[in-house]
Amino acid sequence: MYKLKGKVVIVTGASRGIGEAIVLLLAAHEAKVVVNYSSSEKEAESIVSEIKSNNGSAIAVKADVSQKADVEKLFNETIGCFGKVDVLINNAGVMDMKLLSETTEGDFNKVFDIHVKGVYNTMKEAYLKLSDGGSIINVSSSTVKMMLPKYALYSSSKAAVEQMTRVFSKEIGRNVSVNAIAPGPVDTELFNKDKSEDFINKLKSMSAFNRIGEPGDIANVVLFLASDDSKWISGQIIPINGAIV
């Protein structure tokens with residue numbers, strides 16, 4: 001079950017948090033993984049070294065997904081090293097919590113450039129270069145449905161990702177599945193930044209399991225979606241949130 005041997009997987013924003021958990025798990029299931037990063041070179045190279053020390057196969061590639069030329073480079077370097085791309089996982093993200101009235105145009109551009117333009121760029125490149133029968137997994141968020149104050153830009157950008165996912169699943173063809181996952185709160189550096197203990201405890205109380213998620217909770221679902229066992233699933237948004245919403 002969940003055999004990934006020989007599959008080549010690009011994971012954007014993979015140098016920490018959920019992305020790190022995903023690449024480590026997929027590499028453990030014999031996938032060849034590409035650890036994409038935009039600024040955290042040391043962390044990305046450390047993950048590659050860990051994978052290789054466990055007889056896995058991995059490379060780190062610097063690329064800003066909001067830049068078309070960088071995305072082309074990401075795919076080309078992957079194909080140059082491994083010969084193909086089978087799975088694209090769009091995990092790169094940013095999170096700045098502000099009331100909508102306090103946000104700036106710069107804030108808007110930052111969030112939408114990474115979340116929306118980044119997914120747009122990578123899916124366009126995947127249309128040309130992803131292997132037949134491959135998979136695309138975009139990372140959305142359960143905040144799309146939660147209507148939390150200070151999440152206007154974040155959740156609206158993720159809503160755009162969800163709609164692009166649905167439409168692109170009908171466009172790409174070639175037996176390529178296209179889905180999105182929508183994690184709830186997950187215990188990562190990105191999530192915990194600038195959040196009070198009271199706020200985090202409130203989110204825990206909303207879960208059926210009285211906790212927030214761990215990166216491994218998300219990685220386990222991505223593993224399934226990256227495998228051929230999930231091929232009849234496409235065009236779907238899959239919540240991973242412990243019944244928080």
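Let us look at the structure shown here. Note that this is a predicted model, so its numbers are computed, not measured. (Residues numbered from 1 in each chain as written. Predicted model: local features only at pLDDT ≥ 70, side-chain atom pairs only at ≥ 80, totals over all residues. Heavy atoms only, no water.)

1. As for helix H6 (residues 152-171)
For H6, with 20 residues, the first-to-last C-alpha span of 29 Å sits near the 28 Å given by 1.5 Å per residue. Listed in full, the buried residues belonging to H6 are Leu153, Tyr154, Ser155, Ser157, Lys158, Val161, Glu162, Thr165, Phe168 and Ser169. On the buried face of H6, the contacting elements are helix H4 (105-129), strand E5 (135-139), helix H5 (143-146), strand E6 (177-183) and strand E7 (237-240). After H6 finishes, the residue Gly173 shows a positive phi value of roughly 65°. (Helix = DSSP H or I, 4+ residues; strand = E, 2+ residues; numbered from the N terminus. Expected span 1.5 Å × (residues − 1). Buried < 20%, exposed > 50% of the residue type's maximum accessible area, 1.4 Å probe, protein only. Contact = heavy atoms within 4.5 Å.)

2. Description of the side chain of Ser227
You can see Ser227 is positioned in the loop between helix H9 (215-226) and E7. Classification of Ser227 as buried rests on a relative accessible area of 0%. Those residues in contact with Ser227, other than ones at most four positions away along the chain, are Tyr2, Lys3 and Leu4.

3. Concerning the nonpolar core
Formed by 33 residues in total, the largest nonpolar core has its most connected members in Val9, Ile22, Leu26, Val33, Ile89, Ile137 and Ile181. Elements represented by at least two residues in this core include exactly strand E1 (8-11), helix H1 (17-28), strand E2 (32-37), helix H2 (41-53), strand E4 (87-90), E5 and H9. With seven residues, the top contributor of residues to this core is H1. Those residues in contact with Ile22 that sit more than four places away from it in its chain are Val11, Ile89, Ala219 and Val222. If you look at the next biggest cluster of nonpolar residues, it comprises 30 residues, including Val71, Val85, Ile114 and Phe168. (Core = buried A, V, L, I, M, F, W, Y, C linked by side-chain atoms within 4.5 Å.)

4. Here's the deal with the packing of helix H3 (residues 68-82) against H4
At a closest axis distance of 9 Å, the pairing of H3 and H4 adopts a crossing angle of 40°. One way to sum up the angle between H3 and H4 is to call them oblique. Helix-helix and strand crossings are classified by hand; for H3 and H4 the assignment is right-handed. Touching Lys68, Val71, Glu72, Phe75, Asn76 and Ile79 of H3 are Asn121, Thr122, Glu125, Ala126 and Lys129, all from H4. (Axes fitted to C-alpha atoms, helices over the stretch in contact; angles between N-to-C directions. Parallel < 35°, antiparallel > 145°, perpendicular 65-115°, else oblique. Left-handed = near helix turned anticlockwise from the far one by under 90°.)

5. Considering the pairing of E4
Here E4 shows two buried faces, one formed by Val87 and Ile89 and the other by Leu88 and Asn90. In the sheet, E1 pairs with E4 via three bridges, with the strands oriented parallel. Its bridge partner being in E4, Val9 is matched across the sheet by Val87. Where E4 lies against E5, four bridges are found, and the strand directions are parallel. What sits directly across from Val87, in E5, is Ser135. Following the backbone out of E4, through H4 and into the adjacent parallel E5, one traces a crossover that is right-handed. (Pairing = 2+ DSSP bridges. Right-handed = clockwise from strand over helix to strand, strands pointing away.)

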